[in-house]
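# Close look at the chain arrangement
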Amino acid sequence: MKFSDLVGLYKKLEATPKKLEKTEILAEFYKKCSEDDLYKAVVLSMGTVFPRGDEDLGIADGMIKKVISKVTGYSNDKVINIFKTTGDLGLTAEKLMQHRKQKPLTKRVVTIDLVFDDLRGLPELTGAGSQERKIDLVSELMTNSSPEEAKYIVRICLSQMRIGVAAGLVRDAIAKAFDQDKKEVEHIYNLVGDYGSVAEKAKKGHMKAEIEIGKPINVMLADRGGSDVVAAVKEFEKAAIETKYDGFRCIIHKDGEKIKVFSRRLEDVTKQFPDIVKYAAEALKAKQCIVDGEAVAYDYERNRTLAFQKLSRRIQRKYDIEKTVKEIPVQVNLFDIIYLEGESMMDLPLTERWPALKKIIKETKSMKLATHLETKDGKEAEKFYENALKDGQEGVIVKNMEAKYQPGRRVGYWVKVKPIMEPLDLVITGAEWGEGKRAKWLSSMILACKAGNKFLETGKMASGFTEDQLEELTKKLKSLTIETKGKEVKVKPEVVVEIGYEEIQASSKYESGYALRFPRLLRIRDASEKGPADADTLQTIEKLYKLQRGRKK
Ligand code: AMP
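Sequence positions are assigned chain by chain, starting from 1 and proceeding in written order. Where totals are concerned, whole chains, interfaces and linings use all residues; where local detail is concerned, this predicted model gives features only for residues with pLDDT of at least 70, and gives and counts side-chain atom pairs only at 80 or more. Only heavy atoms go into the side-chain values, all of them from the structure, while hydrogens and water stay out.

### Points about the site of the ligand
- Taken together, 13 residues surround the ligand, and among them Glu242, Arg249, Glu294, Lys399 and Lys416 come closest.
- N or O atoms closer than or at 3.5 Å make up a polar contact, with two conditions inside protein: a donor-capable atom paired with an acceptor-capable one, and, for residues adjacent in sequence, both atoms drawn from side chains. One nitrogen or oxygen atom from the side chain of glutamate 294 is found 2.4 Å from an oxygen atom belonging to the ligand.
- Each accessible area value is a Shrake-Rupley result obtained with a 1.4 Å probe; residue values ignore everything except the protein chains displayed when judging cover. Calculation on the ligand without its partners gives an accessible area of 490 Å², and the protein chains cover 90% of this total.
- Helix and strand assignments follow DSSP, with helices taken as H or I runs no shorter than four residues and strands as E runs no shorter than two, numbered in order from the N terminus. Looking at the shell around the ligand, the elements with two or more residues in it are strand E2 (239-244), strand E11 (395-400) and strand E12 (414-417).
- The element that contributes the greatest number of residues to the shell around the ligand is E2, accounting for three residues.
- Per-class residue counts for the shell around the ligand are four nonpolar, one polar and eight charged. Throughout, the term near means that a residue has one or more heavy atoms lying within 4 Å of the molecule or strand in question. Side-chain classes are defined by residue name, with Ala, Val, Leu, Ile, Met, Phe, Trp, Tyr, Cys and Pro counting as nonpolar, Asp, Glu, Lys and Arg as charged, and the others, Gly among them, as polar.

Structural data, given as structure tokens:
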């Protein structure tokens, strides 16, 4: 299929705000796709090449500006000037492509295969010189594109499609195109987690939600359960409390000798974790099974779990694997079983799944059962919780023992209980203009803590605001602006905000050396209440970081 066919679809979708009409348009389009094109066409119709939202293409605005300049022959300044008038790099690309100074010598037809495969290759480009290689790759793709095609390639790269296609719409369109029941379509989506695959199944009429060993499945998710563990265990008739390990979710498929490891985002991470494959071969006694657990970075000499950031290095690492296996060893804590000897276990309650898991595992130091206590007793639960925290873990997960394994959705059968972090008062030192609905506001704020008479960045916050608060902050920050660079502004450090967050992480990205995980606005401080001189200090952040989860230095 030509990419221009997809561009036709994008234009139609962009032209109507009506959901029903969008569904019709999408359904018609899906219906016309050949079997070979369907997967990529559905995924691209959502404005992405990674349907599970698991990969970032690693392309920033600055890189796209370079691409536009390279392909069109206009200077970077010209690109920036046009961008200032359009506020959208997609439109900027389209405009400059219409009057491009350079034309390609040979012309290749841009197909959806080409766009999909090229963009999918972007995250693979890592290491030295990768930015340049990414710029080259997108430039080559755009060189052969029409101005309109270029607009959408840019938008896909930056995840800014603005065509209003959400998952629910795609679900309805697949149901309509292939004459299937919406609920069934959603049911299969919950299992496989990718509407591209769902559409293929729907077209073939294979609508049975069946687990296939070796193919990734969506995992069951946990809801927020506050910080009261006693209340949480009382919620369920039969409750179990387990340690909440802070690592990465890993789902292990064992089919005889064949072992595969998948992430929560359904990525195949077998290559990155040859150690987990080895541990599974030793510990899992079943011939065929799918088990679910959390892998943590582990210090075997001191017998303790290490911070998550270490582990994330392993997930991202695609080369020098053997070296990282040694540098960052892992331990796997299993807590569920989804499939056993040809049968799905999903519809069985945890009262049956947990003993089944226990039965097929020969625990080793590297692959063991999660710490698990079945209790309704408040005192016991509290003790368990305290021990988990003392042990340096994030908190606990309280589970309904009578619930089945529900993939993909938060249904309240598992709840996480974690200590609430003390809010911080931080100063805004910069901000960025928003996109789409938020384009009229400065909607992403740079936060900083106090260090002597300096302010050091500790991260970016883009959530928790009401529209009124955005309006108020934009007004204040505009009057404090000292420098503007594209969409970013630097401001005098005067506005103090109270921030909630999930965790403090060590980070080399920000000058304070720390970053906040999921920061959100709690309130804007009135200047009479708290000024920049009263903001929280770097020492406070350091202290909280160390205190959090009993983690030593
Ligand atoms: P969150 O990512 O904050 O929503 O917390 C839920 C995640 O905690 C799950 O997706 C798992 O990756 C992880 N987790 C750690 N320990 C457990 C456990 N014992 N049971 C279930 N999930 C766990």
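That covers the picture; the talk isn't over yet.
### Quick word on unusual backbone geometry
- Backbone geometry at aspartate 179 places phi at a positive 55 degrees, although glycine is not the residue there.
- Looking at where aspartate 179 falls in the secondary structure, it is placed in the loop between helix H10 (167-177) and helix H11 (182-192).
- Buried, partly exposed and exposed residues are distinguished by accessible area as a fraction of the type maximum, computed with a 1.4 Å probe on protein chains only: under 20%, between the cut-offs, and over 50%, respectively. Judged by its relative accessible area of 71%, aspartate 179 is exposed.
- In this model, phenylalanine 518 sits at a positive phi of 50 degrees, which is unusual for a non-glycine residue.
- Relative to the helices and strands, phenylalanine 518 resides in the loop between strand E20 (514-517) and strand E21 (520-524).

### Concerning the layout of surface pockets
- Of the grid points, spaced at 1 Å and generated over the protein atoms alone, those admitting a 1.4 Å probe that cannot get out make up cavities, while open sets with protein on both sides within 12 Å along at least five of seven lines make up pockets; any residue with an atom within 4 Å of a point is treated as lining. Grid points are joined across faces, edges and corners, and a volume is the space filled by probe spheres set on the points. Its boundaries defined by the atoms lining it, the second largest pocket holds a volume of some 960 Å³.
- Looking at the second largest pocket, it is lined by 35 residues, and the ones nearest its centre are Tyr39, Arg52, Asp194, Pro216 and Leu266.
- Contributions of two or more residues to the lining of the second largest pocket are made by H11 and helix H12 (195-204).
- Among the elements that take part in the lining of the second largest pocket, H12 stands out by supplying four residues, more than any other.
- Here the residues of the lining of the second largest pocket are counted per class, giving 13 nonpolar, four polar and 18 charged.
- The residues that make up the lining of the second largest pocket include at least three from each of domain 1 (48-158) and domain 2 (223-417). Domain limits in this description derive from either an automatic procedure or a database domain assignment.

### Structural notes on the domain arrangement of the protein
- Entries for the protein in the domain assignment read domain 1 (48-158), domain 2 (223-417) and domain 3 (424-552).
- In this structure, domain 1 and domain 2 have C-alpha centres spaced 40 Å apart.

### Remarks on the pattern of salt bridges
- Here, a salt bridge means any side-chain nitrogen of Lys or Arg that lies within 4 Å of a carboxyl oxygen of Asp or Glu. In this structure the tally under the stated criterion is 38 salt bridges.
- The salt bridge partner of lysine 404 is aspartate 347, with a shortest N-O separation of 3.9 Å. Of this pair, lysine 404 sits in the loop between E11 and E12 while aspartate 347 is found in the loop between strand E8 (343-344) and helix H17 (350-360), placing the two residues 57 residues apart along the sequence.
- Across the salt bridge formed by lysine 476 and glutamate 472, the nearest N and O atoms sit 3.4 Å from each other. Taken together, the positions of lysine 476 and glutamate 472, both in helix H19 (residues 467-480) and four residues apart, correspond to about one turn of that helix.
- Judged by its relative accessible area of 36%, glutamate 472 falls in the partly exposed class.
- Counted as one network, the salt bridges with shared partners bring together Glu14, Asp88, Arg155, Arg162, Glu435 and Lys487.

### Topic: the nonpolar core
- Put simply, a nonpolar core is a bunch of buried Ala, Val, Leu, Ile, Met, Phe, Trp, Tyr and Cys residues held in one set by side-chain atoms that sit within 4.5 Å of each other. Counting residues in each nonpolar core, the largest one holds 72 residues, and the members touching the most others are Phe3, Tyr30, Met142 and Ile174.
- Contact between two residues is taken to exist if any of their heavy atoms lie within 4.5 Å; hydrogens are not considered. When neighbours within four sequence positions are excluded, tyrosine 30 is seen to be in contact with Leu38, Val42, Ser45, Val170, Ala173, Ile174, Ala177 and Phe178.
- Among the nonpolar cores identified, the runner-up in size contains 35 residues, and Ile252, Ile328, Ile337 and Ile360 belong to it.

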